Amino acid sequence: MHALKRFEAMGGARTQWTWCVPLLVLLALVCAVGLAQPSFLSLGSLGLLAGESSVILLLATAQTLVIMLGGIDVSVAAMAALASVLMALALPSTGWVGLLGVLGLTTLLGAFQGFVHARARVPSVVVTLAGLGMWSGLALMVAGATVPVGEGHATVSWLEGSSWGVHHSFAFAMAALLLVAVAQHWLPFGRRVRAIGLNPVAARLSGIRVGRVKVIAFALTGLFAGLAAMTMVARTASGSPTIADSLLLPSIAAVLIGGTAITGGKGGVVRTLIGALTVTVLRVGIAATGLNAAYEPIAYGILVVVAAGLVADRAPHSSVK
Amino acid sequence: MNSVVLRVERLSKSFAGVRALDGVSLEVRAREVVGVLGENGAGKSTLLKVLAGLCQRDGGHIAMRGRAVRFGSPREAAEAGISMVFQEQSLVPNLSVAENIMLGHEGVAVRAGFYDWKRLHAMGAAQLAKLDSTLAPWALTETLSFEERQMVELAKALTIEERTPHEPLILLDEPTSMLDAGQAQAVLIGIERLRGRASVVFVSHRLDEVLRVCDRIYVFAEGRCVGQGQRGVCTKAELQAMMLGRRHRVDSKDGSPPQEAPTSASAVILSVRDLSCAHRYHSVSFDLRAGEVLGIAGAAGSGRDSLCRALFGAETPDSGEIALDGRPVRWREPADAVERGIGYLPGERSTEGVVAGMSVAENMTLAHLGELRRGPFIGLRLEKALVRRWIERLGIKPCTSADMQAQLLSGGNQQKIVLAKWLIARKLRILILDHPWRGLDVGAKAEAVASIREVARSGIGIVLITDALDDLIALSDSLIVMKNGLVSGRFTCSAAKPPDWRVLECML
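All of these numbers come straight from a predicted model, not from anything done at the bench.

Draft legend 1. A look at the overall build of chain B. Secondary structure summary: chain B contains 17 helices and 24 strands in total. Radius of gyration (C-alpha) of chain B: 24 Å, near the 23 Å computed for a compact globule of 508 residues. With the C-alpha coordinates of chain B rotated into their principal frame, the extents come out at 70 × 50 × 50 Å. Within chain B, residue pairs in contact and separated by at least 24 positions form 66% of the contacts whose partners lie at least 6 positions apart. When the accessible surface of chain B is summed, it comes to about 21,600 Å², and 51% of that surface belongs to carbon and sulfur atoms. Separation of charge centres in chain B, based on 64 positive and 60 negative side chains, amounts to 3 Å.

Written out as C-alpha cells, the structure is:
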C-alpha cells in the first residue's frame, strides 16, 4: 500500500494509467473492427491503415508540441491544405527546390504565428484561428479547386511505395515523430516546453526565454504541417484547398486521445502515436464496417472528452489554468 | 468547565508513503483558542485538512460534540460547523469584499437569480462587524492589502455561524505567516474577537503569537504531538525546546558565528544609478560588492519588491542604469540576467518558484540546462549526480526525493529546491532573495540563514528583502531603507549594527 502510494507520488501510477487506457482503447477498437470485418486484420489492410495514418500522425505531432506548451494550434490543417496546393503547383516546374521552398514557407508562417502569440501576448487559439482563416482563404485564392500534379509527382511519389511491408509515408511520419520524441525527452528544448506548459511564470523566472521557445515550437508545427502536405500530395497526386476541413478535429483528437493534457506540460509525442493510430482505426474501421461516415466525428467528440477527463489532474496541489 | 467540542484520537494520515500524522490526539473545548505549533512538515496543515474534510484520515477517530464523524468533503465539515481559513488566500480578486464573504451562501441576497446588492453589502458588513472591521463591503478585493484580505478571510469563515445551530469551530492555517509583526497584530486582534463566539484552532510557527492568543498549545514534531502547554504556565523556551526536540537549539542572535565583513577592497560587482520606474521607485542608487549582503528594508509597497525584480530583468525600469562589473547592462528578460550569473528567489514560492508537476531534479536544473549538456542532449546521468549532491548538501528531505514531484515536498524543502536552482550554477555572481523565509519555521529558517551566510562567504553578492527587520539587520553588511519608492536611509552594519528603531524610523 505504502509502496503503491509512493509510486503514485512520483507520478508513476498516473503515468501508468494514462498510458494504459489509450493503448487498451486502441486494442479494443482494432478487435471490434476485426470482429465485424475479419478482412480488416489482414496484413494488407493493416499496411494500408498505416499508410492512411501518416497524415494524421504528422499533423498530430505538430499539434503535440504546441499543446505541451499549454497552447493550441487550430491552423495546422489549413496550413497543410495551403502547402498541398502550393506543392501541387510548384512540383511540375521546380521539383525538389519547390518542395523545400514550400516547407520553408510553412515553417516561417508557423514561426510568425508563434511570434505574434509570444510578442503581442495574444492567446494561441486566437492567433491560430486567424491563421486558420487566412491560410485556408489563401489556399482557395491560389487554387479554386483541387490541383492535380502531373509530371512533378515523382519528387514525392517515393512516399507511396513500401519496403519490407512498411509503407514509406508511415516510416517517414514515424521517423519525424521519433525525432520529436527525442527532442522532448533529451533536449533542453523539450524540458523547457514542459516547464512553460506547467508554469509559465516560474519558467520565465528560471531564465527560460519563453518567447523564443514558443517561436521554435510554432515553427516546428509549421514545418510538420508542410510534411503532412507532402504525404497528402504523394498519396492523392493532387493538392486540395479544402482538405483541411476534415483533418483539424482528428489531428487535435489524436493528441488528446493519446493522453496529453490540454492544459500543457503533461504528455508527449509517443502518446500521440497511440492517439493517431486510434483515430485512423476509427476512420478506416467505420468505412470498412459500412457504418455511416457521420459517426466518425461523433466518435472523436466522445473520445476527446473521455480522454481529457481521464488525464485531468485533480490532485489538490495542481494548479488549474 | 467548558464542554469538549472536538476530540481527536490517534489520528494518522500518510501521503506518498510519508507519515504526515502519526497517532495524534487532542481536544478543543467551547470558546477556546487552541494553538498548534510545529515546524514545516510537522503535520499541522495535514491535521487541519483532515478536520476540514479536504482529505481522508487513514486511521483514528474524530468526534464532534460527542458524536463520531468522518467528513468526506468540506461541505460535510461545514455542516458540522467547521470552517477553515487557508494559508494561501482563497479569495477571488476581482469580486467585492461582500461578494467574497458571502460567496456560495448569498441566500436572500439573490432574488430571481440577480444580486440584491444592498442586501449583499449589508450581509457582508454584518460579518465584518463581528470582527470590528471597518472595511468597505463594496471594495474590490484585489485593491486590499494582504492583512485586509486576511480579515476578509476571517469574516468569510464566520458566515458559518448563520448556517449551523452550533457554535462554529474555525481552523486557521498560519494566517500570519505572510505578515510582518505590525500586520499580524491586526489579525491577532481578529482572533481574540473570535474567542467570544467560536472555538478556534490556530496553527502557527511563531511562538510569540501562539503564546499571546492561545489558551492551550499542542506542539507537533514529525507528525506526532510531542508536548502540551497552557498559557501562562509554559515559557517560550520550553516550547522552543519541544519544537526542536533533540535538535540543537537555534538562537538567531547569540549563537551565530561572528560575521566577517567583506573588506571594502572587494570589487563592486553591481552598481545601480538613478534607477526609476513610474509609481514604483525613484532614483535608486547603490553598489553591491562581492561577498556582501545588502539588505533592503521597507514596508510592503515601498518599491523594494519591484526594484529587486528590475535587477533580475523581470520588470523593466523607465530610466537609470544597472552596471555589472562596471559595464552598463540592459535586461530584456530574466534569461539575460541569468546568463550573466544573477539568480532570483521569488517571494511567491508555490506560483513563481517551483514548477508543480516537474520533479525535484528537473526543478533544480531548469535554469542551467545549458551547463549539463552532453553534445546537444541533457546529460541525464550528470544531472542525477549533481542533484543528489545538492539534495545532500542542503539537507532536502526526503533525501530520496530527486524523482518526486516538487510540489509534494514541504514548504521549507521547496524553498531549498529553488535555492539550489541558483546555487548549482557554475558562475553565480549575484543572488536576489525576495522574502526567502516567508512561511518557513524556526528550524528551516535557521538553516536558510546559515546557507545565505555561506553563499556570501564564497564571494557571491546578495540582495535581501525580508519583512523581519531584526533578521535583516542581523544578516546584512549594509542596509538601504526604502519609503514610498525613495531611498530614505542607508546604514553600514559591518562595524556596528544600527538599532532597529532607527531603521524603522526611516521606513515609516
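Draft legend 2. Focus on the packing of helix H12 (residues 248-258) of chain A against helix H14 (residues 295-311) of chain A. Residue and element names in this part refer to chain A. At a closest axis distance of 9 Å, the pairing of H12 and H14 adopts a crossing angle of 30 degrees. With respect to each other, H12 and H14 are oriented roughly parallel. Pair H12 / H14 crosses with left-handed handedness. Along the contact surface, H12 presents Leu249, Pro250, Ala253, Leu256 and Ile257, while H14 presents Pro297, Tyr300, Leu303, Val304 and Ala307.

Draft legend 3. Main features of unusual backbone geometry. Residues and elements named next belong to chain B. In this structure, arginine 10 takes a positive phi of about 45 degrees despite not being glycine. Turning to its location among the elements, arginine 10 is positioned in strand E1 (residues 4-15). Residue arginine 10 is classed as exposed on the basis of its relative accessible area, which comes to 51%. A positive phi angle, near 50 degrees, is found at aspartate 325, a position not held by glycine. For aspartate 325, a relative accessible area of 40% translates into the label partly exposed.

Draft legend 4. Layout of the packing of helix H4 (residues 76-94) of chain A against helix H5 (residues 96-119) of chain A. Residue and element names in this part refer to chain A. As a packed pair, H4 and H5 sit with axes 8 Å apart at the nearest point and diverge in direction by 155 degrees. Classified by the angle their axes make, H4 and H5 are roughly antiparallel. When you trace H4 past H5, the crossing you get is right-handed. Within the contact between the two elements, H4 uses Met79, Leu82, Ala83, Leu86, Met87, Ala90, Leu91 and Thr94 and H5 uses Trp96, Val97, Gly98, Leu99, Val102, Leu103, Leu105, Thr106, Leu109, Gly110 and Gln113. Grouping the amino acids of the contact of H4 with H5 by side-chain chemistry returns 14 nonpolar, five polar and no charged.

Reading the values: rules and limits
All residue numbers refer to position in the chain's written sequence, counted from 1. Both sets of labels track the order of writing: A upward for chains, 1 upward for ligands. For this predicted model, a pLDDT threshold of at least 70 governs which residues receive local features, and a threshold of 80 or more governs which side-chain atom pairs are given and counted, while totals over whole chains, interfaces and linings are taken from all residues. To obtain the side-chain values, all non-hydrogen atoms of the structure were used and water was disregarded. Numbering goes from the N terminus for both helices and strands, where a helix is a DSSP run of H or I of at least four residues and a strand is a run of E of at least two. The atom set for the radius of gyration is the C-alpha atoms, and the globule formula is 2.2 Å times the number of residues raised to the power 0.38. It only takes one pair of heavy atoms within 4.5 Å for two residues to be counted as in contact. Using the Shrake-Rupley algorithm and a 1.4 Å probe, accessible areas are obtained, with residue cover drawn only from the displayed protein chains. His is not counted, nor are the chain ends, whereas Lys and Arg count as positive and Asp and Glu as negative. In plain terms, the charge of a residue is placed at NZ if it is Lys, CZ if Arg, CG if Asp and CD if Glu. Angles here are taken between N-to-C directions and fall from 0 to 180 degrees, while the axes themselves are lines fitted to C-alpha atoms, restricted in helices to the stretch in contact. Each angle is binned into one of four classes, with values under 35 degrees roughly parallel, values over 145 roughly antiparallel, values of 65 to 115 roughly perpendicular, and all other values oblique. Working rule for handedness: look at the near helix, and if it is turned counterclockwise from the far one by less than a right angle, call the crossing left-handed; if clockwise, right-handed. Under the scheme applied here, a residue whose accessible area is under 20% of the maximum for its type counts as buried, over 50% as exposed, and between as partly exposed, the area being computed with a 1.4 Å probe on protein chains only. Residue polarity follows a fixed list, in which Ala, Val, Leu, Ile, Met, Phe, Trp, Tyr, Cys and Pro are nonpolar, Asp, Glu, Lys and Arg are charged, and the others, Gly among them, are polar.

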